[in-house]
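# Examination of the molecular architecture
Residues per chain, in single letters:
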Amino acid sequence: MTRARAWLLGYVAAVLAASFVHAPLLLAGGLFGALLAAGPARWRLLKRALLAVLLFNAGVSLTYAVVAWWQARPLLDALLLINLRVLLLVFLGFWLVDRVRLLDALAGWPRLTTIATLALGQIGVYRRLLEDFRLAFRSRNALPPTPLAMLRHAGAQGGALLDKSLHDAEQTAQAMRSRGAFDG
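Please read all numbers here as calculations on a predicted model, not as lab measurements.

The computed volume of the largest pocket comes to approximately 380 Å³. As for the largest pocket, its lining consists of 16 residues, of which V97, V100, L102, L120 and I123 are closest to the centre. Sorting the residues of the lining of the largest pocket by element identifies α4 (76–99), α5 (102–105) and α6 (110–140) as the ones contributing at least two each. At 5 residues, the largest contribution of residues to the lining of the largest pocket is made by α6.

Encoded structure:
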């Protein structure tokens, strides 16, 4: 077994284990252990993980808090469990991506390699599109942009990405249908 495949299988095992744990203390211990094991990259990976989950988890946590308050249910244990689990899973994902080339880990599984290659190609397309948006925004704002300008830019960027995603999904579905992928 290659080193990349061992990392991938270890990641899958850690994700499964974290999914079955329902004790915040154990999840915190898992996160602490992952931070220790990550070595010098730990703080960079933790920062990326925190930024990645911040907005989404804030929305989910706030919604959960409102519903729990309305139903007069306990709140803190569930919020702690949800947020620790998500942070641990995202940290593990960033750690895997930092340590392993996905195509090396999937070598020997042709179908998975093909799917990963297609996904990585799409990631490259969207990464380039985001970079184009960033450069265009910077070139149009000689002075530091206002929060309102940044919000408008984020909205325009999100709309363009959604439109592109829908268009690409439609094109892919038509191509697959023309090749008989959806015939029973």
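This brings us to helix α1 (residues 3–20). Here α1 contains 18 residues, and its C-alpha end-to-end distance of 26 Å stays within 8% of the 26 Å for a straight helix at 1.5 Å per residue. Where α1 is concerned, the buried positions are A4, R5, L8 and A18. Taken down its axis, α1 places every buried residue within 155° of arc, on the same side. Facing away from the buried side of α1 by more than 90 degrees, the exposed set consists of R3 and F20. Looking at the packing, one finds that the buried side of α1 touches α2 (24–37), α4 and α5.

What follows concerns the packing of aromatic side chains. Enumeration over the complete set of coordinates arrives at 2 aromatic pairs. Measuring from centroid to centroid gives 5.3 Å for W7 and W95, while their planes differ by 80°, and the two rings are edge-to-face. Of this pair, W7 sits in helix α1 while W95 is found in helix α4, placing the two residues 88 residues apart along the sequence. Taking relative accessible area as the criterion, W95 reaches 11% and is therefore assigned buried. Between F91 and W95 the ring centres are 6.3 Å apart and the planes differ by 40°, which places this aromatic pair in the tilted class. A residue pair is termed a helical-turn pair when its members lie 3 or 4 positions apart in one helix, as F91 and W95 do in helix α4 at 4 residues. Across the pair, exposure class does not vary: F91 and W95 are buried alike. An aromatic cluster of three or more residues is present, and its members are W7, F91 and W95. Sitting above the plane of the W109 ring, R5 keeps its charged end 4.0 Å from the centroid.

Moving on: the pattern of salt bridges. According to the stated counting rule, one finds 4 salt bridges in the structure shown. Here D98 makes a salt bridge to R44, at a shortest N to O gap of 3.2 Å. Of this pair, D98 sits in helix α4 while R44 sits in helix α3 (residues 42–70); the two residues are 54 residues apart in sequence, bridging distant segments of the chain. Residue class for R44 comes out partly exposed when judged on its relative accessible area of 41%. Where E131 meets R134, a salt bridge forms, and the shortest distance between an N and an O atom there is 2.4 Å. With E131 and R134 both in helix α6 and 3 residues apart, the pair spans about one turn of that helix.

Rules and cut-offs
- Residues numbered from 1 in each chain as written.
- Predicted model: local features only at pLDDT ≥ 70, side-chain atom pairs only at ≥ 80, totals over all residues.
- Heavy atoms only, no water.
- 1 Å grid on protein atoms, 1.4 Å probe; cavity = no way out; pocket = protein on both sides within 12 Å on 5 of 7 lines; lining within 4 Å.
- Points joined across faces, edges and corners; volume = space filled by probe spheres on them.
- Helix = DSSP H or I, 4+ residues; strand = E, 2+ residues; numbered from the N terminus.
- Expected span 1.5 Å × (residues − 1).
- Buried < 20%, exposed > 50% of the residue type's maximum accessible area, 1.4 Å probe, protein only.
- Arc of directions from axis to C-beta.
- Contact = heavy atoms within 4.5 Å.
- Phe/Tyr/Trp six-rings, centres within 6.5 Å; stacked < 30°, edge-to-face > 60°.
- Lys NZ or Arg CZ within 6 Å of the ring centre and 35° of its normal.
- Salt bridge = Lys/Arg side-chain N within 4 Å of Asp/Glu carboxyl O.

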